[in-house]
Amino acid sequence: MEHVPCDTHMRERLDPVIPESLRPSFTSVFRQLQRGKALEEMVFLEGHYLVALDGTGYFSSPTIHCASCLQKVHRNGSITYYHQMLGAAIIHPDVREVIPLMPEPIKFISIKPSVATESGGPGSCAGHSRVPSPDHGHPASTGGSGPSRYGSA
Ligand SMILES: [Zn+2]
């Protein structure tokens with residue numbers, strides 16, 4: 001690639017992409033790695049893999065929000081709405097390559113009217129967290145910057 005697209009161009013290209021539509025690609029690559037025995041060299045300890053996790057913010061707004069938005073309530077009572085996702089990759093200290101896994105959204109889920117929690121963490125790989133992104137136009141992630149990149153928080 002000779003020229004890396006600017007942030008705005010990247011967002012324009014990525015905003016319409018439904019994140020869940022990427023899952024088959026991750027699954028396909030992972031199956032090929034399994035069949036090709038590439039996972040075997042990634043075994044770290046007694047048949048187990050080492051997975052690096054990192055959360056990153058990709059949307060933040062003082063006004064635009066959806067039912068899945070996480071919320072940060074500031075001292076002055078204002079609210080910042082934001083979205084984060086959990087990225088994961090199988091790693092091995094002796095292997096240069098890493099195997100990225102499908103990122104999972106960290107979403108606000110109200111269990112009872114007065115009780116709420118975040119989901120999308122390491123223990124939430126069940127299907128209920130695999131929901132396409134919210135229906136308001138979030139800017140797509142173009143790097144490792146957090147919510148503050150979009151000028152709030
Ligand atoms: Zn939202």
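Above: the structure in question.
Note that the structure is a prediction, hence the values are computed from the model and not measured.

Engineer: Can you explain the nonpolar core? Please cite residues and give values.
Structural biologist: Grouped together as the largest cluster of nonpolar side chains are 8 residues: Tyr58, Phe59, Cys69, Leu70, Tyr81, Tyr82, Ile106 and Phe108. Only β2 (48-61), β4 (79-91) and β5 (99-112) provide two or more residues apiece to this core.

Engineer: Which residues make up the pairing of β2, and what values do they have?
Structural biologist: As judged from the 2 bridges shared by strand β1 (residues 43-45) and β2, these two strands associate in the antiparallel manner. Across the sheet, the residue bridging to Leu45 is His48, located in β2. Between the antiparallel neighbours β1 and β2 lie 2 residues, among them Glu46 with a positive phi of about 50°. Of the pairings in the sheet, the one linking β2 to β4 comprises 11 bridges and is antiparallel in character. By the bridge assignment, Ser60 is partnered in β4 with Tyr82.

Engineer: Talk me through the pairing of β4; I want residue IDs and the actual numbers.
Structural biologist: One ladder, built from 4 bridges, connects strand β3 (residues 70-73) with β4; its direction is antiparallel. Each bridged residue has a counterpart across the sheet, and for Gln71 the counterpart in β4 is Tyr81. The loop that links β3 with its antiparallel partner β4 comprises 5 residues; one of these, Gly77, has a positive phi angle of about 90°. Where β4 and β5 come together, 6 bridges link them in antiparallel fashion. Residue pairing in the sheet places Gln84 in a bridge with Ile106 of β5.

Engineer: Tell me what's going on with unusual backbone geometry, and back it up with residues and numbers.
Structural biologist: With a phi angle near 65°, Lys37 is a residue other than glycine that sits in the positive phi range. Within the element layout of this structure, Lys37 appears in the loop between α2 (23-35) and β1. A positive phi angle, close to 50°, is found at Glu46, a residue other than glycine. Counting through the fold element by element, Glu46 comes out in the loop between β1 and β2. We classify Glu46 as exposed; it has 5 C-beta atoms within 10 Å.

Conventions and cut-offs
All residue numbers here refer to positions counted from 1 along the written sequence of the relevant chain. With the structure being a predicted model, the display of local features is reserved for residues of pLDDT at least 70 and the display and counting of side-chain atom pairs for 80 or more, all residues being used for whole-chain, interface and lining totals. Definition of nonpolar core: a set of buried Ala, Val, Leu, Ile, Met, Phe, Trp, Tyr and Cys residues joined via C-beta atoms within 7 Å. Between the buried cut of 20 or more and the exposed cut of 12 or fewer other C-beta atoms within 10 Å of a residue's own C-beta lies the partly exposed class, and all C-beta atoms are placed from the backbone. Where helices and strands are cited, they refer to DSSP runs of H or I of at least four residues and of E of at least two residues respectively, numbered from the N terminus. At least two DSSP bridges between two strands are needed for those strands to be called paired.

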